[in-house]
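Structural overview
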Amino acid sequence: MSTSITPTLLQKLKNGQNVYGTCITSTAPMWPAAIKRTGVDFVFIDTEHIPLDRAELAKMCQIFRALGITPIVRIPEPNPFLACQVIDGGALGVVAPYLESRTQIQELVGAVKFRPLKGEKLKNYLTGAEEMTPELKQYISNHNAANLCIANIESVPAVERLDDLLSVPGLDAVFIGPHDLSVSLGLPEQYDHPDFEAAVRSIIHQTRAKGLSIGIHFSLEPERQIKWMKEGANMVVHSFDVALFSQRLQHDLSIIKQAAGDSPNADTTTSLTV
């Protein structure tokens, strides 16, 4: 009898597949099973802007992994020790925000791809000053085989240095932060501005040319995701639970109120940013 092994998210990306996910902020116990029914490949759990403690985060990661959904966690700052902590808690992918230097990405790669190495030895391996023994190289590769290392590119300095940033060995993917990028460009939340679109297009094309994966996180209409997939994005990070709930409930109540002859609420949609 043959058995099939479900490929990891990293394997799917290496196979050229698109992968689909959403951002989760709720720790409610009924939520993971509901997310499972949507067919997502991964969940993006943000600890930069969302108040989650380490125990809550570990519980979420373990539950999503048990359901066959890859937990990708954004840490609050580019800190290799925080990256190690979230992987210890069950994360299979780590995103560091606002990366602008080669050193920051190198440190993130070290934390995600070279565990449990730390300190001077790790620095020497990362910089090429020292070679690993074949035994250690195989152990490190096996130990971190499913881990995804992802950089948030969301500022003008990062865009200006992008070729160098993407050249760090071990980086797997980029997430574009549209809100922070638009602010850094001096075009806050102007997601249809030609200069913003040119920056996103450049990031996508450069990233894909390096053989890396890329996604952009929008909480707006799905047509935006489709647009950027046509440019080369292959990781869909669509919306988040609070936005999806409020948008759908507002939509449904508007229909119900109109049918009942009541005035629907005025559109009070505001920018929801994670």
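Residues numbered from 1 in each chain as written. Predicted model: local features only at pLDDT ≥ 70, side-chain atom pairs only at ≥ 80, totals over all residues. Heavy atoms only, no water.

Should the charged atoms of two oppositely charged side chains come close, the side chains can pair. This structure, assessed with the given rule, holds 13 salt bridges. When the shortest N-O distance is used, the salt bridge between D88 and R115 registers 2.4 Å. Taken as a pair, D88 in helix α4 (residues 80-88) and R115 in the loop between α5 (102-113) and α6 (119-127) lie far apart in primary sequence, 27 residues in all. For R115, a relative accessible area of 12% gives the class buried. Close ionic contact of D163 with K210 constitutes a salt bridge, the shortest N to O distance being 3.1 Å. Here D163 is found in helix α9 (residues 162-166), whereas its partner K210 is found in the loop between α11 (194-209) and β7 (213-218), with 47 residues between them in sequence. The class for K210 is partly exposed, based on a relative accessible area of 36%. (Salt bridge = Lys/Arg side-chain N within 4 Å of Asp/Glu carboxyl O. Helix = DSSP H or I, 4+ residues; strand = E, 2+ residues; numbered from the N terminus. Buried < 20%, exposed > 50% of the residue type's maximum accessible area, 1.4 Å probe, protein only.)

Below, the discussion takes up the packing of aromatic side chains. Evaluated as defined, the whole model comprises three aromatic pairs. Relative to F218, the ring of Y191 has its centre 5.3 Å away and its plane inclined at 80 degrees; by these criteria the two rings are edge-to-face. Of this pair, Y191 sits in the loop between α10 (178-184) and α11 while F218 is found in strand β7, placing the two residues 27 residues apart along the sequence. Of the two residues, Y191 and F218, neither departs from the other in class, the shared state being buried. (Phe/Tyr/Trp six-rings, centres within 6.5 Å; stacked < 30°, edge-to-face > 60°.)

Reading around the barrel, the eight strands line up as β1-β2-β3-β4-β5-β6-β7-β8 and close back on themselves, with parallel pairing between neighbours. Direction aside, neighbouring strands of the sheet carry axes that sit 25 degrees apart on average. Note: strand β6 (residues 173-176) against β7, four bridges, orientation parallel. Bridge pairing links I176 to I216 in β7. Sitting on the sheet, α5 touches β4 (93-96) and β5 (148-153), and the angle it makes with β5 is about 155 degrees. Across the sheet, helix α13 (residues 241-259) is in contact with β1 (19-24) and β8 (235-240); its angle to β8 comes to roughly 60 degrees. (Pairing = 2+ DSSP bridges. Axes fitted to C-alpha atoms, helices over the stretch in contact; angles between N-to-C directions. Contact = heavy atoms within 4.5 Å.)

Right, let's talk about unusual backbone geometry for a bit. The omega torsion of the bond from R115 to P116 falls at 5 degrees, within 30 degrees of zero and hence cis. With respect to the helices and strands, the residue P116 is situated in the loop between α5 and α6. One non-glycine residue, Y98, lies in positive phi territory at about 50 degrees. Mapped onto the secondary structure, Y98 falls in the loop between β4 and α5.

Everything listed here is a matter of geometry and, on its own, says nothing about what the molecule does.
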